[in-house]
Amino acid sequence: MKKRFRVKIEFILTLLFINTVFVSFSQQMHSLKGYITDEDDAPFPHVNIFLLNSKAGTITNNDGAFSLHFSGMEDILNASFIGYETRTMEVDKNTGFVRIQLKPSPIQLNEVVISNLSAADLLKKAIGQIPENYPLEPFLCKAYYRAKLWEKDTLRYMEETMFDIVKSYRSSFSDEYFLIKNRNFRFASDHGAFKQIGRFDIVKTIDKMFDGGFFRNYMVSYKPGTTFENRPVYVLSFTRKNNVKGNEGEIYIDAEDLAFVRFDIHYERGDTRFAQYRKVEGKYYLMNGNTLYLNKRLNRILPAEADIVITDIIPAFSKNDIKGIRIDTEDILEVYATQAQDTLFWQQHNAILPDSAISMALERYKAKQKDSIA
């Protein structure tokens, strides 16, 4: 009993220390907010927002809005999405609210450029290029993770987490996760549970997805090319052979160095998964991803959705740069919830801005909590 009590005290002290460090850090940071629209001036979700100098990033929420904290030093903001022209603009501590419109890229990639390779052979070649295109030496990245459980249009449960992750694309390397903070909101008593951290990095486990059985049972085809970061991109699609039901999806491959820049996977049972990568100083890194799992209970469907965004990349790091406590990806994160003192932290740190649906659910939750206290 004494040992368990001591462990809990040490855990609380660790969180208090981390909170002090981040509050002090955040006071020196500047907030950059903005709104991204498409060619029809409609809100544009999941746009990649990246600061080229500080290597800090986020994505837009379902309302097309984003918020990013940075040092305030002169930097270049990059807004990009598959098939659209990348927009850049200079920012600093004096930059206010920014509004950016993305327009479709006029560039189309003619598949005759690779007429000597079938789509399946191109995919195999891209897999063989992974050691050249992705960092094999361990690097540190900071990540924000949000998981939600829905029923129809009602948000039943939400959790958000900040991690430090030590990663490598060497096949023998096991990524290490360090928990900085986690909080959750139970909007309904029957909210279900997330059993583990979602799996997002498809390149990391690509041998398991595109193995020998895949190439025997699936047909890989070319689709019209597109662009990402104003670079030409091959688009491959895959479907099950002989009209047999199975998984399907699209694979986006940079035409110049054959690096994977995006995956869109649609599983047979209705689940989906995507992963987005970008080139940073000569190597490609996972920048954000999304998974959707359809929980089916009798006549009910409760979609469980999770997003991850890499908010910072540190290629050269030391052990002192790693914050948080080490956890296993199989851990149930709601065990570590500490939201009672987290409000300032979540306001000040890089994250995906809550969209209108989440904001309304949080307002109802706060009102309910006040009524309970009263």
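Details of the structure are given in the entry above.
An account of the accompanying structure is given in this report. (Residues numbered from 1 in each chain as written. Predicted model: local features only at pLDDT ≥ 70, side-chain atom pairs only at ≥ 80, totals over all residues. Heavy atoms only, no water.)

**Overview of the overall build of the protein**
When you go through the protein residue by residue, the secondary structure sums to seven helices and 18 strands. Expressed as a percentage of its 374 residues, the buried residues of the protein come to 51%. Put simply, 62% of the contacts in the protein that link residues at least 6 apart link residues at least 24 apart. For the protein, the exposed surface amounts to about 18,900 Å²; the carbon and sulfur share of it is 51%. (Helix = DSSP H or I, 4+ residues; strand = E, 2+ residues; numbered from the N terminus. Buried < 20%, exposed > 50% of the residue type's maximum accessible area, 1.4 Å probe, protein only. Contact = heavy atoms within 4.5 Å. Areas by Shrake-Rupley, 256 points an atom, 1.4 Å probe, with all protein chains shown as cover.)

**Some remarks on the pattern of salt bridges**
In this structure the tally under the stated criterion is 19 salt bridges. Here arginine 231 ties to aspartate 257 by a salt bridge, and the two come within 3.4 Å at their closest N and O atoms. Remark: aspartate 257 occurs in the loop between strand 13 (248-254) and strand 14 (260-266) and arginine 231 occurs in strand 12 (residues 231-240); sequence separation between them is 26 residues. Two residues, arginine 262 and aspartate 264, come together in a salt bridge whose shortest N-O distance is 2.8 Å. Each member of the pair arginine 262 and aspartate 264 is classed as buried. Overlapping salt bridges, with partners in common, bring together Arg231, Asp254, Glu256, Asp257 and Lys279 in one network. (Salt bridge = Lys/Arg side-chain N within 4 Å of Asp/Glu carboxyl O.)

**Concerning unusual backbone geometry**
Backbone geometry places asparagine 230, a non-glycine residue, at a positive phi of 60 degrees. One can find asparagine 230 in the loop between strand 11 (218-228) and strand 12. On the basis of relative accessible area, asparagine 230 is assigned to the partly exposed category, the value being 44%.

**Examining the environment of alanine 147**
Position of alanine 147 relative to the elements: it lies in strand 8 (residues 139-151). Judged by its relative accessible area of 0%, alanine 147 falls in the buried class. Linking alanine 147 and asparagine 290, residues 143 residues apart in sequence, is a C-alpha distance of 9.6 Å.

**Side note on the sheet that holds strand 7 (residues 98-101)**
The three strands lie next to each other as 4-1-7, forming an open sheet whose pairing is mixed. The open sheet has two edge strands with one neighbour each: strand 4 (65-70) and strand 7. On average, adjacent strands in this sheet sit at an angle of 30 degrees to one another, irrespective of strand direction. In this sheet, strand 4 lies alongside strand 1 (residues 30-37) in antiparallel orientation, the contact comprising six bridges. Of the residues in strand 4, the one forming a bridge with lysine 33 is serine 67. (Pairing = 2+ DSSP bridges. Axes fitted to C-alpha atoms, helices over the stretch in contact; angles between N-to-C directions.)

**Quick look at the packing of aromatic side chains**
Taken as a whole and judged by the stated rule, the model has 21 aromatic pairs. Here the aromatic rings of phenylalanine 139 and tyrosine 169 are separated by 6.3 Å at their centres, their planes lie at 20 degrees, and the arrangement is stacked. On the criterion of sequence distance, the pair formed by phenylalanine 139 in strand 8 and tyrosine 169 in the loop between strand 9 (154-167) and strand 10 (176-186) is long-range, its members being 30 residues apart. Looking at phenylalanine 139, the relative accessible area reads 3%, which means it is buried. Arranged with centres 6.0 Å apart and planes meeting at 75 degrees, the rings of tyrosine 218 and phenylalanine 238 form a pair that is edge-to-face. You can see tyrosine 218 sitting in strand 11 and its partner phenylalanine 238 sitting in strand 12, a full 20 residues away along the chain. The same class applies to tyrosine 218 and to phenylalanine 238, which are both buried. The ring of tyrosine 169 carries the charged tip of lysine 167 above its face, separated from the ring centre by 5.3 Å. (Phe/Tyr/Trp six-rings, centres within 6.5 Å; stacked < 30°, edge-to-face > 60°. Lys NZ or Arg CZ within 6 Å of the ring centre and 35° of its normal.)

**Some thoughts on the pairing of strand 8**
Burial of strand 8 is extensive: 13 of the 13 residues sit out of reach of the surface. Across the two faces of strand 8 the burial is the same, with Phe139, Cys141, Ala143, Tyr145, Ala147, Leu149 and Glu151 and Leu140, Lys142, Tyr144, Arg146, Lys148 and Trp150 all buried. Here strand 8 pairs with strand 9 via 13 bridges, running antiparallel. The partner of cysteine 141 across the bridge, within strand 9, is isoleucine 165. The antiparallel hairpin formed by strand 8 and strand 9 contains two residues in its connecting segment, where lysine 152 sits at a positive phi of about 60 degrees. Bridge count for strand 8 against strand 17 (residues 300-314) is 10 bridges, and the pairing is antiparallel. Its bridge partner lying in strand 17, cysteine 141 is registered against isoleucine 313.

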